[in-house]
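Summary of structural features
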Amino acid sequence: MTVIIANVIDFLAAIIQVGTGSIKKKTKILVAQIIQMLMQGISMLLLGGITGAINNVLSCFRNFICYKERLTTFWKAILIAASVLMTILFNEQGLLGIIPTAVCTVYIIFMDVKDPVKFKILVTITFVPWMFYHFILKSYVGAIFDIASIITSTITLCVMIKKNKSAD
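Every value quoted in this text rests on a predicted model; they were computed, and no experiment measured them. (Residues numbered from 1 in each chain as written. Predicted model: local features only at pLDDT ≥ 70, side-chain atom pairs only at ≥ 80, totals over all residues. Heavy atoms only, no water.)

**Thoughts on the overall build of the chain**
Applicable threshold: Numbering goes from the N terminus for both helices and strands, where a helix is a DSSP run of H or I of at least four residues and a strand is a run of E of at least two. Relative accessibility decides the category of a residue: with a 1.4 Å probe and only protein chains considered, values under 20% of the type maximum give buried, values over 50% give exposed, and everything between is partly exposed. Contact criterion: two residues are considered in contact whenever any of their non-hydrogen atoms come within 4.5 Å of each other. Only the protein chains shown count as cover for residues, with accessible areas throughout obtained via the Shrake-Rupley method and a probe of 1.4 Å. Charged residues are defined here as Lys and Arg on the positive side and Asp and Glu on the negative side; His and the ends of the chain fall outside this count. The atoms used to mark charge sites are NZ of Lys, CZ of Arg, CG of Asp and CD of Glu.
Across its full length, the chain holds seven helices and zero strands. For the chain, the sequential pattern of α-helices and β-strands runs α-α-α-α-α-α-α. For the chain, the spread of C-alpha atoms along the principal axes amounts to about 50 × 35 × 25 Å. Counting across all 168 residues of the chain, residues that qualify as buried make up 45%. A sequence separation of at least 24 residues applies to 71% of the contacts in the chain between residues at least 6 apart. As displayed, the chain offers around 8900 Å² of accessible surface, 76% of which is attributable to carbon and sulfur atoms. With 15 positive and 7 negative side-chain charges, the chain shows a separation of 7 Å between the mean positions of the two kinds.

Dropping the structure here:
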């Protein structure tokens, strides 16, 4: 029953997630991701994905700081350190439990890129490890929608690149 409840919550989060694939503006992506990550964090907790849930909460804070354009090297270091520390303290999933920290670290390092195409590439690539994490965690809805997000983000990315080429 817990798996079903978690997947229903993840379904609602996934609808938001897929919608971010068609959003081109960074600030709107960040706000949508905050809502989506809170919901997915609850789903992950229900499925035993403690490190995923922790990293989702940290990611909400990260996105808020970035949205306010206050993401400095100091804040990046604090967020990465918090993610690593919390994973060390609470990881009960072995290598699987490291995936959220690894993905979040890469995202934190590069998320303040100004080029919208490079930011969309970052968003698209970082969905891939989450897809595996969700599937193994039995968040089947999450994994399916990660795939859908990868597809919609890739399509949007192609449109953005084509538009940039035609503007040149």
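Resuming the write-up.
**Let's talk about helix 3 (residues 50-67)**
Our working definition: Take the residue count of a helix, subtract one, and multiply by 1.5 Å to get its expected span.
Over its 18 residues, helix 3 runs 26 Å from end to end, which matches the ideal 26 Å to within 8%, given 1.5 Å per residue. The element helix 3 is extensively covered by neighbouring structure, given that 13 of its 18 residues are classed as buried. One or two residues past the end of helix 3 sits Glu69, with phi positive at roughly 55°.

**Things to note about a nonpolar patch on the surface**
Note the threshold: Residues with no salt bridge and a relative accessible area higher than 30% make up the patches, which join like charges within 9 Å and nonpolar side chains (Val, Leu, Ile, Met, Phe, Trp, Tyr) within 5 Å. For salt bridges, the criterion is a side-chain nitrogen of Lys or Arg within 4 Å of an Asp or Glu carboxyl oxygen.
Together, Met1, Ile4, Ile5, Val8, Phe11, Leu12, Ile15, Ile42 and Leu46 give the surface a local cluster of nonpolar side chains, amounting to about 870 Å² of exposed area. Every element with two or more residues in the nonpolar patch is listed here: helix 1 (2-20) and helix 2 (26-47). Considering each element in turn, the nonpolar patch owes the most residues, six residues, to helix 1. For Val8, the position within the fold is in helix 1. Judged by its relative accessible area of 48%, Val8 falls in the partly exposed class.

**Things to note about the environment of Lys162**
Tracing the chain through its elements places Lys162 in helix 7 (residues 140-167). Residue classification places Lys162 among the exposed positions, given a relative accessible area of 63%. Sequence separation of Lys162 and Gly142 is 20 residues, and the distance between their C-alpha atoms is 30 Å.

**Examining the pattern of salt bridges**
Inspection of every chain in the model, using the stated rule, returns one salt bridge. Lys76 is paired through a salt bridge with Asp112; the nearest N and O atoms lie 3.0 Å apart. Within this pair, whereas Lys76 is found in helix 4 (residues 73-90), its partner Asp112 is found in the loop between helix 5 (99-110) and helix 6 (116-137), the two being separated by 36 residues in sequence. Residue Lys76 is classed as buried on the basis of its relative accessible area, which comes to 13%. What makes Asp112 partly exposed here is its relative accessible area of 28%.

**Focus: helix 6**
Rules: The bend reported for a residue corresponds to the angle between axes fitted to the seven residues ending at that residue and the seven starting there. Nitrogen and oxygen atoms within 3.5 Å of one another constitute a polar contact, given that in protein one can donate a hydrogen and the other can accept it, and given that sequence-neighbouring residues count only through two side-chain atoms.
The terminal C-alpha atoms of helix 6, which comprises 22 residues, lie 32 Å apart, in line with the 32 Å expected from a rise of 1.5 Å per residue. When the local axis directions of helix 6 are compared, the greatest deviation, roughly 25°, occurs at Pro129. The N-terminus of helix 6 is capped by Asp115, whose side-chain oxygen sits 2.9 Å from the backbone nitrogen of Val117. In the stretch just after helix 6, Lys138 is the one whose phi turns positive, near 75°.

By themselves these figures say nothing about function.
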